[in-house]
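# Summary of the model geometry
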Amino acid sequence: MIMFKGDMIKKREQAIVKVWSAIEEHGGQTLLSTGITGDDARLAKAVVESGVKLLEPNHPALALARGHKGVTTMHDAENIRHEIDIHEMAKVVRGVRNTIGRDPYITVGIPGGFTEVIPVELTDKDFMLMSHSGADGLHTHKSNFEDLEELVEKAHKYGLTVDAYIGHPDDLHTFGIPARTPEEVAQVAKRMEEIGVDMIGLMTGMSYEGVGAGEIPSIIKERLHALVSSVKVPTLAEGGINIENSKAFRETGVHILVVGTAIDDMVKTAAQEAVSHFINQKTKEALSK
């Protein structure tokens, strides 16, 4: 089988142009919308119509959306994420792409793309499947360089970008190459850029409840500064980002804020309020008779 390298290089270059264009259009920092807005085509369309240019469907969020094995929190969903079939992720990506059009950038988290606790095999057909389904890139949380380098090589072969992450050794889940100090963050980021990672992110909060309202710890600021100042590729912050502290994140210089749980919670609250309004209205009408 022949895979035309020039074609796939062009595909990946076009994807990166989408990312930089979104960053520039939004004044130096943009939003990558994930969680329910990445997995539900209706909500993906809604946020794109509101200005979102970058989306991320992923298998833990899909496990949560489907109530797989009764999970109700992202923390629990992470423990069974590998049970989501890659063909299910392809269906999600295809549905979102068909709904939002060709322009928004889609990066997708797939089984085997994160640090797994059981063997999860990825074949060339899987990378081809995601590329054909409409994904621009793969969202990965591999935690050692050998695995990451192998994934980058395969993704690039099929025209997919790779956004990979730096974690902390004490994080609740293993979500990236570990780096304890800002100095280590810079070293890891440079190595990731060298092996071809297209976008580099930093995990900034692992509680799924957000970091301090209105402010972020100084150590997170230092770690983000170390990341942003050490590489030339687009940078991301993921974890604990909400309306209250988003301004503090904007001041770090990071290019992309990855937001999922905060939006999920707002959608849930809006649904509860809407339903309560209808129920209360009916109750009042019944009592007035």
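In this text the structure is predicted, and so the values were computed from the model without any measurement. Residue numbers run consecutively from 1 along every chain, following the written order of its sequence. pLDDT decides what is reported in this predicted model: residues at 70 or higher carry local features, side-chain atom pairs at 80 or more are listed and counted, and totals for whole chains, interfaces and linings draw on all residues regardless. Note that water and hydrogens are dropped before the side-chain values are worked out from all heavy atoms of the structure.

### As for the overall build of the protein
The test is simple: Secondary structure is summarised from DSSP: a helix means a run of H or I of at least four residues, a strand means a run of E of at least two, and numbering begins at the N terminus for each. What the globule rule says is 2.2 Å times the number of residues to the power 0.38, and the radius of gyration is computed from C-alpha atoms. A 1.4 Å probe rolled over the protein chains alone gives each residue an accessible area, and that area as a share of the maximum for its type sets the label: buried under 20%, exposed over 50%, partly exposed in between. In what follows, a contact means two residues having at least one pair of non-hydrogen atoms within 4.5 Å. Computed with a 1.4 Å probe, the accessible areas rest on the Shrake-Rupley method; for each residue, only the protein chains presented here act as cover.
Looking only at helices and strands, one finds twelve helices and nine strands in the protein. Taking 2.2 N^0.38 as the reference for a compact globule, 289 residues should give roughly 19 Å; the C-alpha atoms of the protein span a radius of gyration of 19 Å, in line with that estimate. For the C-alpha atoms alone, the extent of the protein along its principal axes is close to 75 × 45 × 40 Å. Classification of the 289 residues of the protein by burial places 50% in the buried group. A sequence separation of at least 24 residues applies to 70% of the contacts in the protein between residues at least 6 apart. Roughly 14,200 Å² of accessible area belongs to the protein as shown, and the carbon and sulfur atoms make up 54% of that amount.

### Looking at the packing of aromatic side chains
Applicable threshold: Aromatic pairing here means that ring centres of Phe, Tyr or Trp (its six-membered ring) are within 6.5 Å. Orientation follows from the plane angle: under 30 degrees is stacked, over 60 is edge-to-face, and everything else is tilted.
The tally for this structure, following the rule as stated, stands at one aromatic pair. An angle of 80 degrees between the planes, with centres 5.9 Å apart, marks the rings of Phe114 and Phe175 as edge-to-face. In this pair, Phe114 sits in the loop between strand S3 (105–108) and helix H7 (124–133) while Phe175 sits in the loop between strand S5 (161–167) and strand S6 (177–178), placing the two residues 61 residues apart along the sequence. With respect to burial, Phe114 and Phe175 carry one shared label: buried.

### Structural notes on the side chain of Gln29
What counts is decided by this rule: Any pair of N or O atoms that falls within 3.5 Å is considered a polar contact. Within protein, one atom must be able to donate a hydrogen and the other to accept it, and sequence-neighbouring residues count only if both atoms are side-chain atoms.
Among the structural elements, Gln29 can be located in the loop between helix H1 (5–25) and strand S1 (30–34). Polar side-chain contacts of Gln29 include one of 3.4 Å to the backbone oxygen of Phe249. Engagement of the side chain of Gln29 in a polar contact is seen with the backbone oxygen of Val254, the distance being 2.8 Å.

### Description of unusual backbone geometry
Within the chain, Lys69 stands out as a residue other than glycine whose phi angle is a positive 55 degrees. By the secondary structure assignment, Lys69 is in the loop between helix H4 (59–66) and helix H5 (74–78).

### Overview of the environment of Leu62
Its place among the elements puts Leu62 in helix H4. Taking relative accessible area as the criterion, Leu62 reaches 2% and is therefore assigned buried. In the structure, Leu62 is positioned 96 residues away from Tyr158 in sequence and 24 Å away in space, judged by C-alpha atoms. Sequence-distant contacts of Leu62, that is, excluding residues within four places in its chain, are made with Asp39, Ile84, Glu88, Met89 and Val92.

### Side note on the packing of helix H9 (residues 182–194) against helix H10 (residues 218–228)
If you want to describe how two helices pack, look at the angle between their axes and the distance between the axes. The condition that has to hold: Axes here mean lines fitted to C-alpha atoms, for a helix over just the part in contact, with angles spanning 0 to 180 degrees between N-to-C directions. Every angle not falling under 35 degrees, over 145, or within 65 to 115 is termed oblique; those three ranges are roughly parallel, roughly antiparallel and roughly perpendicular. Each crossing gets its handedness from the near helix: less than a right angle anticlockwise from the far helix is left-handed, clockwise is right-handed. Here the nonpolar group is Ala, Val, Leu, Ile, Met, Phe, Trp, Tyr, Cys and Pro; Asp, Glu, Lys and Arg are the charged ones; every other residue, Gly included, is treated as polar.
Two elements in contact, H9 and H10, have axes separated by 8 Å at closest approach and are oriented at 30 degrees. When the axis of H9 is compared with that of H10, the two are roughly parallel. Handedness of the crossing formed by H9 with H10: right-handed. Contacts between H9 and H10 involve Pro182, Val185, Ala186 and Ala189 from the former and Ile219, Glu222, Arg223, Ala226 and Leu227 from the latter. Per-class residue counts for the contact of H9 with H10 are seven nonpolar, no polar and two charged.

### Some words on the environment of Asn280
Here Asn280 is to be found in helix H12 (residues 261–288). The partly exposed category is assigned to Asn280, whose relative accessible area is 44%. Along the chain, Asn280 and Leu129 lie 151 residues apart, while their C-alpha atoms are 48 Å from each other.

### Examining the pairing of S3
Going by this rule: Between any two strands, pairing holds if DSSP finds at least two bridges. Think of it like this: strands point away, you trace from the first strand over the helix to the second, and a clockwise trace means the crossover is right-handed.
Of the two faces of S3, the one carrying Tyr105 and Thr107 and the one carrying Ile106 and Val108 are both buried. Alignment of strand S2 (residues 54–56) against S3, held across two bridges, turns out to be parallel. Across the sheet, the residue bridging to Leu55 is Ile106, located in S3. Crossover connection from S3 via H7 to parallel strand S4 (residues 137–140): handedness right-handed.

### Quick notes on helix H6 (residues 86–100)
Each α-helix turn comprises 3.6 residues. Residues three or four places apart therefore point the same way. We apply this condition: To estimate the expected span of a helix, subtract one from its residue number and multiply by 1.5 Å. Arc definition: directions from the helix axis to the C-beta atoms.
For H6, which comprises 15 residues, the first-to-last C-alpha distance of 21 Å matches the rise-based estimate of 21 Å (1.5 Å per residue) to within 8%. Considered for burial, the residues of H6 that qualify are Ile86, Met89, Ala90, Val92, Val93, Val96, Arg97 and Ile100. Angular distribution of buried residues about the axis of H6 spans 160 degrees; they occupy a single face of the element. Residues of H6 that are exposed and point more than 90 degrees away from the buried face comprise Lys91 and Asn98.

### Brief notes about H9
With 13 residues, H9 should cover 18 Å at 1.5 Å per step; its first-to-last C-alpha distance of 18 Å lies within 8% of that length. For H9, the set of buried residues is Pro182, Val185, Ala186, Val188, Ala189 and Met192. Against helix H8 (145–157), S5, S6, strand S7 (199–203) and H10 lie the buried residues of H9. Gly196 sits one or two residues past H9 and shows a positive phi near 105 degrees.

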